[in-house]
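The primary structure of each chain is shown beneath.
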Amino acid sequence: MSSLVAISTPAWTIPGYLEVCDGRLRISGADAVELVHVHGSPLFVFSEARIRANIARLQAAAKQVDRPIKFCYASKANSNMSVLKVVRDTGIDIEVNSGGELYKALRVGFRPDQIIFNGTSKTDEELDEAVRAGIYSINVDSIYEIELVENAVRRARSELNSGLPPARIALRLVPEIGTRSHLGLQTALLTSKFGISSSEVLDAFRRCLQHPELIHVCGIHIHVGSQTPDVEPFAEAFKSMWNHLSAIHRETGLTLEHINLGGGIPVNYLRDRSQADELPEHERDMLGADLEPAAVLTEALRVARESARDAGAQQMLEGVTILLEPGRSVIADAGVVLTTVRNIKHRPETNDVWLLTDAGYNILLSMNNYKWYYHLISASRAAEPSNTEYKVAGPLCDSGDVYFDIERHGRLPDYRRLPLEVKPGEVLALLNSGAYSLAQMFHYNGRPLPAAVMIREDGQAEIIRRRDTYEDLLVNDVW
Ligand SMILES: Cc1ncc(COP(=O)(O)O)c(C=O)c1O
């Protein structure tokens, strides 16, 4: 069944980036099926132009609110070195969450003053590395951690025998702000493991001021959560931080330099809403959120300005640097997973047709963790109507390795719609899969991790991660 039925442009297309050409998917000018022929399957494909466009969109939002915003790309979303290099070349800064990400950021050429470090369980070694590098801010997650940073500065000074300046720190708050995202992606609730609660904030700042020769407290931080579909939680978070900042100023005379509003700007994962019509309304609203970064910043600043006006502190607010830590909104829709149908079966009892692909949750962990929806299309027959229903599953030896919600909580559609008569060998594409995927891959079932290519701005596909060999499966085993 290869006849080309002319249909209107599919809803998932993005002019100049995701297009249909000769009936097949094209990614920034590269033919997806050809990419699989050359580089194998499954395959991650990234678009340099799309990463740059996503960052430019954030920068344009900053211009709209007429404030210099320090964007720190959340490298946990994807810390492939070539991805980091593109991000660095755009001139924005970076957020890291471990010694490993700090190492990668420095290796790829970010300056220490471009780096902020979050994390709930930083080790002494990680703090030593951050302190010695002299990064822009270590975001402290508890009152206890303040002393750990002070100790790291003491160690560095005595071991390096140098006049290292005080370490710059910010305090991470958890002000009990809910969002309409999955609970596992919400991070400003008191039931979450993150941050210092509002009742302890003043004590935490007082504690920070005990040793100004060791630490300099420069900021305050909240991350309400990932894929936050509404402006209100951002505005509430910003206002809460601003109120703390001015209370701290009144009480201690300390003027903080920055407010860090975290990440969480959502990505439209649905694209084609009709394909996920059986999902509950709230799930579709969350997955299909189309929130402009400018709207987030405008609303956050509006409520903070109101509060600053009431307190007669407008000047202080205008002097504060605003930080954002975007991850998903930079890299999610710049990445596509190409996967091949390897097997097919018909179940007469249920009348289902099962397609078994080579992309499991070992390369897209969120599909299992959060039952995350990645829109699935046929790359081989991208122009054909997708109205035949299939059960789709990955290759892992686990009943949960399926593209539907096996727990029947309704977070994924039971069937995926693809063209008529999909056969083994057909290449499918999971869209918007550039964030929290490559960075979370693992070798379960002895599966070598896939290659990744980046389509450069001149249309050339460059390998940015080589496919694992079987030997790579043994690298760290001692036997
Ligand atoms: C502290 C912090 N900042 C930024 C981010 C990035 O969020 P997102 O990828 O939704 O922009 C995260 C991820 O959840 C985070 O934990």
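Look up a bit, the structure's there.
Basis of the calculations
- Residues numbered from 1 in each chain as written.
- Predicted model: local features only at pLDDT ≥ 70, side-chain atom pairs only at ≥ 80, totals over all residues.
- Heavy atoms only, no water.
- Pairing = 2+ DSSP bridges.
- Helix = DSSP H or I, 4+ residues; strand = E, 2+ residues; numbered from the N terminus.
- 1 Å grid on protein atoms, 1.4 Å probe; cavity = no way out; pocket = protein on both sides within 12 Å on 5 of 7 lines; lining within 4 Å.
- Points joined across faces, edges and corners; volume = space filled by probe spheres on them.
- Nonpolar A, V, L, I, M, F, W, Y, C, P; charged D, E, K, R; others polar.
- Buried < 20%, exposed > 50% of the residue type's maximum accessible area, 1.4 Å probe, protein only.

**As for the sheet that holds strand β3 (residues 30-31)**
- Spatially, 3 strands are ordered β1-β2-β3 in an open sheet, and the strand pairing comes out antiparallel. Since the sheet does not close on itself, it has two edges, and those belong to β1 (18-21) and β3, each with one partner.

**What to know about empty space enclosed by the protein**
- Enumeration over the complete set of coordinates arrives at 1 cavity of 30 Å³ or more.
- Computed from the structure, the largest cavity encloses a volume of approximately 40 Å³.
- Lining the largest cavity are Q275, Y373, H375, L376, Y415, R416 and R417.
- Partitioning the lining of the largest cavity into residue classes produces 3 nonpolar, 2 polar and 2 charged.

**A look at the pairing of strand β4 (residues 43-47)**
- Judged by how many residues are buried, β4 sits mostly within the fold: 5 of 5 residues are covered.
- Burial along β4 is two-sided: the face carrying L43, V45 and S47 and the face carrying F44 and F46 are both buried.
- Judged from the 4 bridges that link them, β4 and strand β14 (residues 335-347) form a sheet pairing that is antiparallel. Bridging from a neighbouring strand, F46 pairs with G335 of β14.
- The sheet contact formed by β4 and strand β20 (residues 451-455) spans 5 bridges and is parallel. Bridge assignment links V45 to a residue of β20, and that residue is V453.

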